[in-house]
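Here's the letter readout for the chains.
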Protein chains: 2
Amino acid sequence: MRLVIAECTVDYEGRLTAHLPRAQRLLMVKADGCVAIHSDGGAYKPLNWMNAPNSVFETESKWVVVNPKGEKLTITLHEVISDTEHALGEDPGLIKDGVEAHLQELLAARPWVIEDGLELIRREYQTDIGPVDLLCKSEAGETVAVEIKRRGEIDGVEQLARYVERLDNDPRLAPVRGVFAAQLIKPQAKTLAESRGIICVEVDYDGLREIESRELRLF
Amino acid sequence: MRLVIAECTVDYEGRLTAHLPRAQRLLMVKADGCVAIHSDGGAYKPLNWMNAPNSVFETESKWVVVNPKGEKLTITLHEVISDTEHALGEDPGLIKDGVEAHLQELLAARPWVIEDGLELIRREYQTDIGPVDLLCKSEAGETVAVEIKRRGEIDGVEQLARYVERLDNDPRLAPVRGVFAAQLIKPQAKTLAESRGIICVEVDYDGLREIESRELRLF
DNA sequence: GTGTATATCTCGGGG
DNA sequence: CCCCGAGGTATACAC
């Protein structure tokens with residue numbers, strides 16, 4: 001990784017046009033060739049950047065970075081304050097826990113948590129407009145499409161409504177109803193869900209993990 | 001801005017739980033206190049981070065970063081290879097062009113580009129589920145809700161459909177129809193729009209800018 | 001490759 | 001403050 005501290009101006013032309021007036025900034029060039037220009041504030045997002053794959057053409061006072069899509073980043077260097085390089089090697093990568101995929105796993109194994117008597121037919125059931133998180137059968141014999149989110153917002157309700165509409169046209173599945181399951185469901189999403197005939201269920205993630213670890217300890 | 005190259009392990013507990021095994025990485029600390037941990041690849045996104053506002057508690061071999069929401073980032077330093085600091089000063093900031101706001105401005109001033117005889121009533125017309133980009137009146141006297149996007153995708157059509165449904169319930173506005181205007185509209189979005197009775201219009205952004213600059217030169 | 005859904009999204013604006 | 005929408009979203013995954 002190369003780190004350059006420099007007084008620079010920057011121009012980007014691509015999906016939009018953008019310009020950075022002259023100032024001191026950090027230029028970060030990673031091993032894969034991607035370039036990021038950071039100021040001394042503002043979270044982790046750089047002011048400007050160019051992702052790999054790209055090509056860097058470097059002269060004393062100017063870097064021109066282009067990519068195959070025709071985007072172009074031009075960095076004009078007025079003064080270089082520091083220029084260092086460190087070989088970091090491959091990173092073993094981030095280990096995550098607690099995202100939607102895990103919530104889906106937990107619920108797929110325990111669909112009765114969502115609704116009494118619910119039985120799983122299939123996870124990630126494919127439709128021609130995308131995958132339904134859980135396809136289930138209710139105690140009364142209806143098909144139930146379950147959409148799982150960490151945070152339940154309007155988009156998720158729309159997504160589920162599209163699936164239910166599509167699935168309900170399949171005579172092998174009809175009648176189909178929808179259940180929207182999330183750790184937290186926003187009021188707007190609840191209102192929209194109700195008007196679409198979709199049931200909302202708020203799920204206790206920590207409680208589910210508790211149950212999971214108890215089950216694991218039994219075996 | 002402080003830049004540290006170090007062999008480290010990292011743990012994050014907050015909105016999720018995440019762990020980074022021991023490896024060499026860049027630790028970036030900005031003037032506002034935010035911390036980002038970068039590997040030597042993977043675009044501009046750090047492996048792990050903590051945004052301002054936060055507090056950093058630093059000892060020889062460990063940094064603990066906590067924020068008011070109760071999130072916690074723990075960095076264990078096994079070996080520090082480099083530790084430098086540079087004062088960059090305030091950044092004048094990015095100047096952008098070509099985003100949705102500008103497209104909306106251009107169309108608000110020339111609604112006839114969207115549809116012959118269209119007249120603007122109001123920009124950012126507020127409804128209880130959000131703002132409509134342009135509210136217009138057609139030559140035939142209907143109300144027309146216009147949703148403007150740079151790239152027209154399914155989400156935008158759903159959003160517009162919600163607005164039209166809501167506005168059509170207002171007797172002062174009814175009948176209301178929708179027009180979906182974008183530089184480029186994806187086939188799926190067109191199909192969905194058609195099934196919702198929404199008209200699609202593809203807008204020539206560069207052409208509009210041409211017209212704008214010609215108009216400016218006249219005055 | 002396109003299409004779809006997720007994200008510790010980030011960021012900015014409005015109430 | 002939260003809510004909402006846009007983003008050069010980036011990223012992963014299925015088809």
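Residues numbered from 1 in each chain as written. Chains lettered and ligands numbered in written order. Predicted model: local features only at pLDDT ≥ 70, side-chain atom pairs only at ≥ 80, totals over all residues. Heavy atoms only, no water.

Engineer: Please set out the interface of chain A and chain B residue by residue, giving values where relevant.
Structural biologist: Where interface size is quoted, it is often the accessible area lost as the parts come together. Tallying the contact residues gives 55 residues for chain A and 54 residues for chain B. Both sides together, the interface formed by chain A and chain B hides about 4,700 Å², and carbon and sulfur atoms give 59% of it. On the chain A side of the contact with chain B, Asp40, Tyr44 and Leu88 of chain A bury the most area, a combined 17% of that side's loss. Inspection of the chain A/chain B interface yields 4 salt bridges. Among the ionic pairs, Arg25 of chain B bridges to Asp91 of chain A, the shortest N-O distance being 2.6 Å. (Contact = heavy atoms within 4.5 Å. Buried area = accessible area lost by both parts, 1.4 Å probe. Salt bridge = Lys/Arg side-chain N within 4 Å of Asp/Glu carboxyl O.)

Engineer: Just give me the short version of the protein's contact with DNA strand C, but keep the residues and values in it.
Structural biologist: Taken together, the neighbourhood of DNA strand C is formed by 24 residues, with Ala43, Lys149, Arg150 and Tyr163 of chain A together with Asn48 of chain B sitting nearest. Considering DNA strand C, the proportion of its atoms within 4 Å of the protein that are sugar or phosphate atoms stands at 84%. In the model, a phosphate oxygen of DNA strand C is placed 2.6 Å from a nitrogen or oxygen of the Arg150 of chain A side chain. One nitrogen or oxygen atom from the side chain of Trp49 of chain B is found 3.0 Å from a phosphate oxygen belonging to DNA strand C. Secondary structure elements with two or more residues in the surface near DNA strand C: β11 (143–152) and α2 (154–168) of chain A together with β4 (48–50) of chain B. (Near = heavy atom within 4 Å. Polar contact = N/O pair within 3.5 Å; in protein donor to acceptor, adjacent residues only side chain to side chain. Helix = DSSP H or I, 4+ residues; strand = E, 2+ residues; numbered from the N terminus.)

Engineer: With reference to specific residues and values, describe the packing of aromatic side chains.
Structural biologist: Within the structure shown, the criterion is met by 2 aromatic pairs over all chains. Relative to Trp49 of chain B, the ring of Tyr44 of chain A has its centre 4.7 Å away and its plane inclined at 65°; by these criteria the two rings are edge-to-face. Here the residue Tyr44 of chain A occupies a position in the loop between β3 (35–38) and β4 (48–50), and Trp49 of chain B occupies one in strand β4, the pair thus bridging two chains. (Phe/Tyr/Trp six-rings, centres within 6.5 Å; stacked < 30°, edge-to-face > 60°.)

Engineer: Report on unusual backbone geometry, specifying residues and quantitative values.
Structural biologist: All names here are of chain A. In the segment running from Ala174 into Pro175, the intervening peptide bond is cis, with an omega of -5°. With respect to the helices and strands, Pro175 occurs in the loop between α2 and β12 (176–185). The phi dihedral of Glu124 is positive, around 55°, even though this residue is not glycine. Structurally, Glu124 can be placed in strand β9 (residues 119–127).

Engineer: Report on the protein's contact with DNA strand D, specifying residues and quantitative values.
Structural biologist: Near DNA strand D, the surroundings consist of 24 residues, among which Asn48, Trp49 and Gln188 of chain A together with Lys149 and Arg150 of chain B are the closest. In this structure, a phosphate oxygen belonging to DNA strand D sits 3.0 Å away from a side-chain N or O atom of Lys96 of chain B. Arg151 of chain B is positioned such that a nitrogen or oxygen atom in its side chain is 2.8 Å from a phosphate oxygen of DNA strand D. When contributions to the surface near DNA strand D are tallied by element, the ones reaching two or more residues are β4 of chain A together with β11 (143–152) and α2 (154–168) of chain B. With 4 residues, β11 of chain B is the single largest residue contributor to the surface near DNA strand D. The class makeup of the residues in the surface near DNA strand D is 9 nonpolar, 6 polar and 9 charged. (Nonpolar A, V, L, I, M, F, W, Y, C, P; charged D, E, K, R; others polar.)

Engineer: A description of the state of the cysteines should follow, citing residues and the corresponding values.
Structural biologist: Residues and elements named next belong to chain A. On inspection of all chains with the given rule, the structure shows 0 disulfides over all chains. With no disulfide of its own, Cys8 lies 17 Å from the sulfur of Cys34, the closest cysteine sulfur. Exposure remark for Cys8: the relative accessible area of 0% places this residue in the buried category. Sulfur of Cys200: no disulfide; nearest cysteine sulfur belongs to Cys136 and is 16 Å away. (Disulfide = S-S within 2.5 Å. Buried < 20%, exposed > 50% of the residue type's maximum accessible area, 1.4 Å probe, protein only.)

Any link to function would need more than the numbers given here.
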